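The lines below spell out each chain.
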Protein chains: 4
Amino acid sequence: MVRKIAGVLGATGSVGQRFILLLADHPNFELKVLGASERSAGKKYVDAVNWKQTDLLPESAKDLIVTECKASEFKDCDVVFSGLDSDFAGKIEKEFVEAGLAVISNAKNYRREPGVPLVVPIVNPEHLEVVSHKVESAKAEGKPKPGFIICISNCSTAGLVAPLKPLVEQFGPIEALTTSTLQAISGAGFSPGVPGIDILDNIVPYIGGEEDKMEWETKKILGHLASDKSHVELLSPEEIKVSAQCNRVPVSDGHTECISLKFKNRPAPSVETVKKCLSEYVCDAFKLGCHSAPKQTIHVLDQPDRPQPRLDRNRDAGYGVSVGRIREDPVLDFKMVVLSHNTVIGAAGSGILIAEILLARNLI
Amino acid sequence: MVRKIAGVLGATGSVGQRFILLLADHPNFELKVLGASERSAGKKYVDAVNWKQTDLLPESAKDLIVTECKASEFKDCDVVFSGLDSDFAGKIEKEFVEAGLAVISNAKNYRREPGVPLVVPIVNPEHLEVVSHKVESAKAEGKPKPGFIICISNCSTAGLVAPLKPLVEQFGPIEALTTSTLQAISGAGFSPGVPGIDILDNIVPYIGGEEDKMEWETKKILGHLASDKSHVELLSPEEIKVSAQCNRVPVSDGHTECISLKFKNRPAPSVETVKKCLSEYVCDAFKLGCHSAPKQTIHVLDQPDRPQPRLDRNRDAGYGVSVGRIREDPVLDFKMVVLSHNTVIGAAGSGILIAEILLARNLI
Amino acid sequence: MVRKIAGVLGATGSVGQRFILLLADHPNFELKVLGASERSAGKKYVDAVNWKQTDLLPESAKDLIVTECKASEFKDCDVVFSGLDSDFAGKIEKEFVEAGLAVISNAKNYRREPGVPLVVPIVNPEHLEVVSHKVESAKAEGKPKPGFIICISNCSTAGLVAPLKPLVEQFGPIEALTTSTLQAISGAGFSPGVPGIDILDNIVPYIGGEEDKMEWETKKILGHLASDKSHVELLSPEEIKVSAQCNRVPVSDGHTECISLKFKNRPAPSVETVKKCLSEYVCDAFKLGCHSAPKQTIHVLDQPDRPQPRLDRNRDAGYGVSVGRIREDPVLDFKMVVLSHNTVIGAAGSGILIAEILLARNLI
Amino acid sequence: MVRKIAGVLGATGSVGQRFILLLADHPNFELKVLGASERSAGKKYVDAVNWKQTDLLPESAKDLIVTECKASEFKDCDVVFSGLDSDFAGKIEKEFVEAGLAVISNAKNYRREPGVPLVVPIVNPEHLEVVSHKVESAKAEGKPKPGFIICISNCSTAGLVAPLKPLVEQFGPIEALTTSTLQAISGAGFSPGVPGIDILDNIVPYIGGEEDKMEWETKKILGHLASDKSHVELLSPEEIKVSAQCNRVPVSDGHTECISLKFKNRPAPSVETVKKCLSEYVCDAFKLGCHSAPKQTIHVLDQPDRPQPRLDRNRDAGYGVSVGRIREDPVLDFKMVVLSHNTVIGAAGSGILIAEILLARNLI
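Description of the structure in this document. Just so it is clear, the structure is predicted and the values come from calculations on it, not from any experiment.

Moving on, we get to the relation of the copies chain A and chain C. Mapping chain A onto chain C calls for a rotation angle of 180° and an axial translation of 0.0 Å; the resulting RMSD is 0.0 Å. Taken together, the rotation and translation describe the operation of a two-fold axis. Looking at the rotation axis and the C-alpha trace of chain A, the residue lying nearest is D201 of chain A, at 3.1 Å. Both copies share a contact surface, since 100% of the interface residues of chain A are interface residues in chain C too.

Here you go:
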């Protein structure tokens, strides 16, 4: 199998470390370039990083020499994964795209650009058509292969939209959607992330910017490809109303979300039909044979007290999403509990799976 | 001041221990009788109990001899607080009422009896009219003072309805109400309560029977006194729709609830009007001068990340409720976060405050 | 490869579930018999068990029909792993041994029998000679292959003795040894184990019987095989003094132990020599090629703040032990921090590795 | 009663906030000056601080205008409490002393100065004689009242030495002392303190500098006043050997310490005598009638599983220390578990109590 050359931006940070873990021993990608701050540049990765993962630092990454985050250093990369902090991502990622590189970013900076696909790979890989379109247009015009950027969604949005996709496909539009989240602390990174004294024996019922992200990103991810494939069109407020309440809880990994939704079409489907729809959903990435694609995209759990983060977050290595407690809702149509692994399908893992899809489609 | 004689049923359990703490040094009540299981009867309380409170066992309770839960043992009590497990409460509390005793119970057994007031003392003390009515009727008929039972609401219901009361009074009926709770483990008691391995680094998105309790009890607590004062009439599903999703979280004390609501009347009030309404609410118990009544019934917090259980649960000694993040909701009208102390205003504390109101009204 | 038939006693309990996980897809063992209480007998395992592991219930175990814990049901087993509660282990395991079965038990009942090896497989597999001796004696006498029992050590003892073994081998006897433990809650099982309210934001500085177990078992595990190989001789109090202080902490898996020790021989070795000795130790199980044997028996960590349970407990799949902060001690000679996975090398995992050693030695 | 004027240095920090809480409504002190960084100077305290205490910000402190940490701003203060970070404390506190101010500091900078008393007020208030001596010498020489500094001990040292003092007084010198600590996270402050992801479901077996502080400070606190009262003489390594192992645990407040000790004199006292000695100890501060002095200095707990931080840290409002599990130690003489409130007797509270002692002795 052809192995593509990969680089990681923000390699010493929380998301960067996870990209590195997921790329170690990956059949499709060979990690060759690690970019970080000036302070780290020139050091061996093992000396530059404060490694904080539960898996050991991969041997293959230890001795890579960290470079600065300049496009010239990554020029041989077929794909670049960005775990940059949003303070830096805007400028650096722009430079990379202009240099013709393929960037898959976890930063929020370009998520709202209409021409940038915002992709949860188990949900809306069809939005990658925007990239195909761009690549083919350039080809038709005899231009060199263009750079592009693909954004990974916010972690809590990923879990939310996973079950919505098959439901909308089968039962039509969702008119109203509410979610209250119980989010893990790993999503906050570790410099310093959530202080221990703030979260021990405590809940913080606020995550800056998160509710707005969930409400906005849902409309893009469930939105439609424009007819000329140049961009994605958001769902309008008339098409879907979304309301999110976000809480930080003392859980290491795994976002739990209590969601309620109402379909536009009447009568609403039965609980059993909803369960069946979710269970039978197979994401395109799996059909394409992607290495990391979950065998079971959505696990519908029947035990009354599941899903639980400690017990269910690692299903399908964190690429699968668990849904439980599907039942009727006295206010909207249905309520249910969704659990997703915030650092896998909600962050770095999504980036890897997007790259696998790009590869399967010959876009990198 | 006249001090009334008080007894506690289920004195060795979690709720019973808190009744005892709250009664120690209480200006209105003298704790004289402690009832527990046969196994404990005959022992000094200090020897019978596995004391698990953060405050020390009060000296005044240590040497009381535990009795069995028989009405004859409590015949001198002006008021009896019941912390009995629901497996036993049904039969025992019935016997007590029939023996003419005034029972304030934390058990769920009689909450749904129309003639039994279900009272959150900072919310619906007017439902105690059912008791007044019963007492006066007996008097008019020349009968002896009758026994009666008053039920304390479920812990998560108490927090939910606290802000609703002033809102309904000022802005009219609530048409739809949703809540997702993040509930502390102390509410589950300790025999064994929630196992540590189930809740460490974890969320349990299910509490048996809790959602139904919240949805039902809200309709009774916000319901109206029947015109003949003999019972309380529930709000109908047409009057209010309530949907609850209940989660257990790794927090010791303090229930956090994310709520959304829609008023029936249009236009809906502004966020500022809602805040003002909540801030200015003074509960009747405070106006009556009750010892434990919160000086500030509802604390409206303006910091974006509050209320938090560890920081806010003890406001007004746990009798006050905190509300924060009041903002517009894209689906219903408003969303907000409510925090209440589940073992004070959500359980034993409510019982004590109900007794103080009864005393102020000469009903005990 | 020949696959041996395995059974599990106490299959629905905490330790039993872990045996089943470790036996799924094991190259040497085929799990065929699951024994549990009468209440569970006759049911499919999936219906009998309240599965509480972070890994899913193995497909291969789901449909096994649970039997009662009778030797006749296990007569085809080459090895039986016992996760029985000590209330039942005494009688049942005795019956199994008398029926000629090979039992590897996590229960404490027979640990103090001189003729029963108490084995931490990365430490003292040579004590299995007691079993060889028994088997060969029977053979020599023309008797059928005898049943026997091998005990797994207490979880906190396993971590303690792991680094002691190579130190004693290289530097001679340890005169004094102290340890203060910070033990995970998974060791307490889940019926109910440690209540959440007891361990959230809390430490319990007491684990019933644990200190005595650590002090006693250390003397047996580090003890010598009697010259006739019929039993193991304990180290005497003159040979080694051991003092343990045991604490339960809010950690799910992984026991941390702060240990100090003094060698009998003077001068004491240097810190560097101690580190080297530990790093270079290779356990016999690894030399024998056992499937689960850790590649690195003892991981000597140089970072000042390691080992940590969340980051280091899974080294070598939980079969390796981590040691850090090796430094001189102003009172004894050295102090260090040891971390071991309490449910792997401290319980079920040790049982599996013992069985692998028995197999490699043709004892099953 | 005469009320003295008090100031707080580092008023917005973790320790500063606690000084402010303890000074609110204090009968002896009136809080008038709050010093913080330039960034905060000029603002109302309520606007400058990120208040993180479980008690509300006292009304009396809200509107105080924060000043810079200059002696001229504090010139009217009878006593100044310093919660400064050690990066700043060295220079600022020196300036204050030179300006004739009485400084009680929680910073580590001057603890090792022989002429600076290092005081745990329930343990060694006699070391304040160094201050008396200095004041009286100045008086005798006709000089103005001199400034001075008194250091509060490290938090974990305070808990350790509390039970040692009465033991040494009654049974003579301690030859060897070991301790393994389980320390709360509140001691690490909150800028950022211990990151949540580092301490959730985890132990950190390392606190920078802490072990050395415990080993050294113990020798000063238990040391003797020089015959000329000019300084304190440390115990020598020959007089006492101390070994500490420090761990950070997921507990909000309350340091648990497992200690073992050996007396010099033979035979060692009995367990019962030790218990009696500790129970009967009354600290001088209580005898002097100090407001915050614990009624019971050392609580000897008989339950096998106590003390526990969540249940016992608030005894005597955090000024009392709890000791449990006193028993013989196979290696040294005795082992026991000590619990102390790290932010009260281990930090700000000690500062307040020291000031109360100074006041009772007319030293401020």
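Our next topic: the sheet that holds strand β1 (residues 4-9) of chain B. All names here are of chain B. Spatially, the seven strands line up as an open sheet ordered β3-β2-β1-β4-β5-β7-β6, and their pairing is parallel. Edge strands, defined here as strands with exactly one partner in the open sheet, are β3 (67-68) and β6 (118-119). Strand direction decides the pairing type here: β1 and strand β4 (residues 79-82), joined by four bridges, are parallel. Residue pairing in the sheet places A6 in a bridge with V79 of β4. Along the sheet, helix α4 (residues 86-98) makes contact with β1, β4, β5 (102-105) and β7 (148-152), crossing β5 at roughly 150°.

Residue and element names in this part refer to chain D. Of all eight residues in strand β2 (residues 29-36), six are buried, a share of seventy percent or more. Of the pairings in the sheet, the one linking strand β1 (residues 4-9) to β2 comprises six bridges and is parallel in character. Looking at β2, one finds that L9 is bridged to G35. Between the parallel pair β1 and β2, the chain is carried across by helix α1 (residues 14-23), and the sense of this crossover is right-handed. Bridge count between β2 and strand β3 (residues 67-68): two bridges; the pairing is parallel. Note that in β3 the partner of A36 across the bridge is E68.

As a further point, take the interface of chain B and chain A. Taken together, the contact pairs 48 residues of chain B with 48 residues of chain A. Both sides together, the interface formed by chain B and chain A hides about 3,600 Å², and carbon and sulfur atoms give 54% of it. Taken together, the links from chain B to chain A amount to eight salt bridges. A salt bridge links K335 of chain A to E215 of chain B; its shortest N-O distance comes to 3.0 Å. Our count for the chain B to chain A interface comes out at 31 residue pairs in polar contact (both at pLDDT 80 or more). Of all the secondary structure elements, the ones that give two or more residues to the side of chain B that touches chain A are β8 (174-183), α7 (196-199), α8 (210-221), β11 (241-248), β12 (255-263), α11 (309-312), β14 (321-328) and β15 (334-340) of chain B. The element best represented in the side of chain B that touches chain A is β11 of chain B, accounting for seven residues. Residue classes in the side of chain B that touches chain A are distributed as 24 nonpolar, ten polar and 14 charged.

What follows covers the packing of helix α6 (residues 155-171) of chain A against helix α8 (residues 210-221) of chain A. Residue and element names in this part refer to chain A. With their axes 9 Å apart at the nearest point, α6 and α8 run at an angle of 40° to one another. Taken together, α6 and α8 sit at an angle that is classed as oblique. Crossing handedness for the pair α6 and α8: right-handed. Side by side, α6 and α8 meet where C155, S156, T157, L160, V161 and L164 of the first sit next to E210, K213, M214, E217, T218 and I221 of the second. Residue classes in the contact of α6 with α8 are distributed as six nonpolar, three polar and three charged.

The rules behind the values
- Residues numbered from 1 in each chain as written.
- Chains lettered and ligands numbered in written order.
- Predicted model: local features only at pLDDT ≥ 70, side-chain atom pairs only at ≥ 80, totals over all residues.
- Heavy atoms only, no water.
- Least-squares fit on C-alpha atoms with pLDDT ≥ 70 in both.
- Contact = heavy atoms within 4.5 Å.
- Pairing = 2+ DSSP bridges.
- Helix = DSSP H or I, 4+ residues; strand = E, 2+ residues; numbered from the N terminus.
- Axes fitted to C-alpha atoms, helices over the stretch in contact; angles between N-to-C directions.
- Buried < 20%, exposed > 50% of the residue type's maximum accessible area, 1.4 Å probe, protein only.
- Right-handed = clockwise from strand over helix to strand, strands pointing away.
- Buried area = accessible area lost by both parts, 1.4 Å probe.
- Salt bridge = Lys/Arg side-chain N within 4 Å of Asp/Glu carboxyl O.
- Polar contact = N/O pair within 3.5 Å; in protein donor to acceptor, adjacent residues only side chain to side chain.
- Nonpolar A, V, L, I, M, F, W, Y, C, P; charged D, E, K, R; others polar.
- Parallel < 35°, antiparallel > 145°, perpendicular 65-115°, else oblique.
- Left-handed = near helix turned anticlockwise from the far one by under 90°.

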